[in-house]
Amino acid sequence: MVKKKEVRKEGKSSQAKRALHVSEYQQLIRKIREGDLSKKYALAAYFIFQFHMIARVDDVMHFKQEDLTPNLEFDFTLKSKMSWSKNILSEDRTSDQIVMGAGDPNFCTILALAVHLEHGIGNGELEEGGALMGISKTIATNAFKKIINREDFTTAPLDGLLGSHSTRKFASTYARRNGCSRDDVDLRGRWKGDKRTVDLYIDDILPYPDAKVAGALCVGGPIKYALKRGSNISDAFILQYVCPHIASFFPSQMALVFGKALLWGIFDEQFSTTLEAQLVENVRAVVNNVANDLERDENPVKKVPLMVSGEEATLVLNEIIDDDDNDNGGGGGGNNGSNAVGNDQCIQGQMQLVLSTVRMLTRQNEEMKSNLQVFKTTCNTLLEQLNENVKRVSLIPGARQARTRGGGGVARIEPPEVEGGEERTNTGNRRRRQQPEYQSTLMKNPKSLYVLWQEYEFGIGGRKPARQFSSKERGGVKFSYFLRNHYWKLVDRMILCRYTHTAAIDKIYLVYGNKL
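Residues numbered from 1 in each chain as written. Predicted model: local features only at pLDDT ≥ 70, side-chain atom pairs only at ≥ 80, totals over all residues. Heavy atoms only, no water.

The number of helices and strands found in the protein chain is 18 helices and 11 strands. In the protein chain, which comprises 516 residues, the share counted as buried stands at 41%. In the protein chain, 67% of the contacts between residues at least 6 apart in sequence involve partners at least 24 apart. (Helix = DSSP H or I, 4+ residues; strand = E, 2+ residues; numbered from the N terminus. Buried < 20%, exposed > 50% of the residue type's maximum accessible area, 1.4 Å probe, protein only. Contact = heavy atoms within 4.5 Å.)

For the rest of this paragraph, the subject is the packing of aromatic side chains. Summed over the entire model, instances satisfying the criterion amount to 20 aromatic pairs. Look at Trp 264 and Phe 271: their rings are 6.4 Å apart centre to centre, the planes differ by 45 degrees, and that puts the pair in the tilted class. Neither Trp 264 nor Phe 271 differs from the other in exposure class; each is buried. Members of the aromatic cluster, each reached through a chain of ring pairs, are Tyr 25, Phe 51, Phe 107, Phe 170 and Tyr 174. Across the ring face of Phe 267, the terminal group of Arg 284 is positioned such that the distance to the ring centre comes to 5.5 Å. (Phe/Tyr/Trp six-rings, centres within 6.5 Å; stacked < 30°, edge-to-face > 60°. Lys NZ or Arg CZ within 6 Å of the ring centre and 35° of its normal.)

All right, on to the environment of Thr 173 then. With respect to the helices and strands, the residue Thr 173 is situated in helix H7 (residues 166-177). Linking Thr 173 and Leu 20, residues 153 residues apart in sequence, is a C-alpha distance of 9.4 Å.

All right, on to helix H12 (residues 252-267) then. A turn of α-helix holds 3.6 residues, and therefore any two residues three or four places apart point the same way. Between its terminal C-alpha atoms H12 stretches 22 Å, which fits the 22 Å expected from 16 residues at 1.5 Å a residue. Of all the 16 residues making up H12, 13 are buried; the element is thus mostly covered by neighbouring parts of the structure. (Expected span 1.5 Å × (residues − 1).)

In this fold, Lys 31 is placed in helix H2 (residues 22-34). Residue class for Lys 31 comes out buried when judged on its relative accessible area of 17%. Separated by 3.3 Å, the side chains of Lys 31 and Asp 152 make a polar contact. When near neighbours in sequence (up to four residues on either side) are disregarded, Lys 31 contacts Ile 147, Arg 150, Asp 152 and Phe 153. (Polar contact = N/O pair within 3.5 Å; in protein donor to acceptor, adjacent residues only side chain to side chain.)

Here it is, written out as structure tokens:
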């Protein structure tokens, strides 16, 4: 009754938190980065990482440095292990999950973490081996409430309130709307997965389903940061000049992933305005001295779109390379900015078309498998019914045939004549058939329960049906009738329970066997 009143808008308004809208989330990240908050880099990384991992606020707060590791299979991505999730109750329930870059800077986890880590480690805000974000959930939730309550924050025309849990709802909804199944979203969000028996036998390490959802959460498409040809920038150069503080905390492979993303942000005209001016000036100066083959202030890093697929239970990340790109796509600044944007849009459109086709074919394949499974189950059921019917018919004795002496012919035993019937004489005249009188006896040694029931209902061999015996006639065959009456009453009761007589007899055979 309370829920019905709530649906009808009767009584107190609902306090349930709804999911964020895309425009609201983009406003949140933009106002954090462009605002004057003391922890703006940490807050931006906090909410972007929460969205990418479909995590709770508590999960992100307790995420430690040791939980972020390099991905040896795909060196342009990272692996994370969310050990603090509410539904993870044992060590065997934790698994490594992929972290990928996104085409939209407001959703790129690697870019947000790179800025936060380089700034936080350099200023001594982060301790080695401690929490990766360096802020509590109280700071995060208070900043969230402060921003959404500002007068210049435009709220989407949707019912419901906003809260810190709205980011997780937004990520789950966004993944489902991009074609991800509920099971895949459950896996990415680390929801409890042992509600069904089969979940106890499925390993938690499922790279492709996890990466499929991660790719769907990469707004703008999943990408990798790669150095342009002719940039003359080495790995050692990135570790020394771009991200020296990150390199002191993390392995060189991870530092290079963060360093390339940070280098792209430093040279991007729009994103660089959210960074510290001193960092941008220093890195641009040293890069311009090295990258002689590039124009001045041209972005030495490009974004290469990725396509997530799976083959033979193995994750595959394919790069989508445009032949007309000439290493200029994906950059963010310099004189070739318009061409870069045009090429980037072309690649993004082609990638979305390919991904849409792949998802459609995958969905059709899954539907076909489901239909085939239903067809197989139906065929098996019908075949079982057919086998039962054949088995039951085989137990019913056929009409007996008697051979005549002296000849090879066969004389069929005719059924008893019906009283009042007629037959023709040799002269063609009709006369009434003489119906022999019924014998009020029971047959000896019936061969099956079907014959025994036929004797009760219709009679056999010119005998009167046992159902119609009078008390005097039952007394003439008292012993046999008494024994068989137990069976006849049982079948009668089963018929009253909506069994057919054949189904009832089959049930009796199933319980007592065919030999009794």
